[in-house]
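Structure at a glance
Take a look at the letters that make up each chain.
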Amino acid sequence: MPGVEQFTERKETSSGFEIYLRDQPILLKGVVTKGFGRGGKMLGCPTANIPVDPYLELLSEIPGGIYFGWAALPDCDAAPKGDICKMVMSIGWNPYFENKRKSIEPHLIKTLPDFYDVELRLVVGGFIRLEQNFESLELLVDAIQNDIKVASEALRLDEMSSLQAHDYLKFSNA
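Residues numbered from 1 in each chain as written. Predicted model: local features only at pLDDT ≥ 70, side-chain atom pairs only at ≥ 80, totals over all residues. Heavy atoms only, no water.

The next subject is the environment of Lys 102. In this structure, Lys 102 sits in the loop between strand 4 (83-92) and strand 5 (103-108). Under the relative-accessibility criterion, Lys 102 is labelled buried at 16%. Sequence spacing of Lys 102 and Glu 12 is 90 residues, and the spatial spacing of their C-alpha atoms is 28 Å. A polar side-chain atom of Lys 102 sits 2.5 Å from the main-chain carbonyl oxygen of Leu 59. (Helix = DSSP H or I, 4+ residues; strand = E, 2+ residues; numbered from the N terminus. Buried < 20%, exposed > 50% of the residue type's maximum accessible area, 1.4 Å probe, protein only. Polar contact = N/O pair within 3.5 Å; in protein donor to acceptor, adjacent residues only side chain to side chain.)

Have a look at this one:
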């Protein structure tokens, strides 16, 4: 698959979905900001958008697509003792919505209340697919639900589940 050269190992999940893994994870962090307001409302998949400006160089080097890994929240109202959870993430232009700028939109695979203005840390270990346009909103929603399923399965693989303990996901109280 063109553009996924940084993801050096191709694997299949237990359900036969093809994924790509990375030797070294991509580390991202940022304060969660309000996005376009369509993730939870229109797509049934709320996202925790983080600013792209610190990652413009990285975004120019990786393909727009669907990625997966782990997300960490500090002690906050949404996660009173902090939390580490599975995530699936869109990085790109979101062609169905004709975005004018790339975005970083992780979806935490866990039900949480909104947590704007909180630092979110991400350890990205794998890639599912290139971003694509869809003929209908229904097809986009179906693809998103499938991406969530694939990410959930992929994060159970030994090499991916071990990333849950990555030091980058730990917040100190200092």
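Having seen the structure, we can now continue with the description.
In this section: the side chain of Glu 153. The residue Glu 153 is located in helix 3 (residues 137-154) in this model. At 4.6 Å, Lys 149 is the nearest oppositely charged side chain to Glu 153, a buried residue that forms no salt bridge. One polar contact links Glu 153 to Ser 14, side chain to side chain, over a distance of 3.4 Å. Here the side chain of Glu 153 touches Ser 15 through a polar contact of 2.6 Å, side chain to side chain. (Lys, Arg positive; Asp, Glu negative; His and termini not counted. Salt bridge = Lys/Arg side-chain N within 4 Å of Asp/Glu carboxyl O.)

Between its terminal C-alpha atoms helix 3 stretches 25 Å, which fits the 26 Å expected from 18 residues at 1.5 Å a residue. Contacts from the buried residues of helix 3 go to strand 2 (18-31), strand 3 (65-73), strand 4, strand 5, strand 6 (119-130) and helix 4 (158-161). (Expected span 1.5 Å × (residues − 1). Contact = heavy atoms within 4.5 Å.)

Okay, the pattern of salt bridges next. Close approach of charged atoms allows side chains of opposite charge to pair. Following the criterion strictly, the structure yields eight salt bridges and no others. Here Lys 11 makes a salt bridge to Glu 9, at a shortest N to O gap of 3.9 Å. The partly exposed category is assigned to Lys 11, whose relative accessible area is 25%. A salt bridge links Arg 129 to Asp 147, with the shortest nitrogen-to-oxygen separation between them at 2.8 Å.

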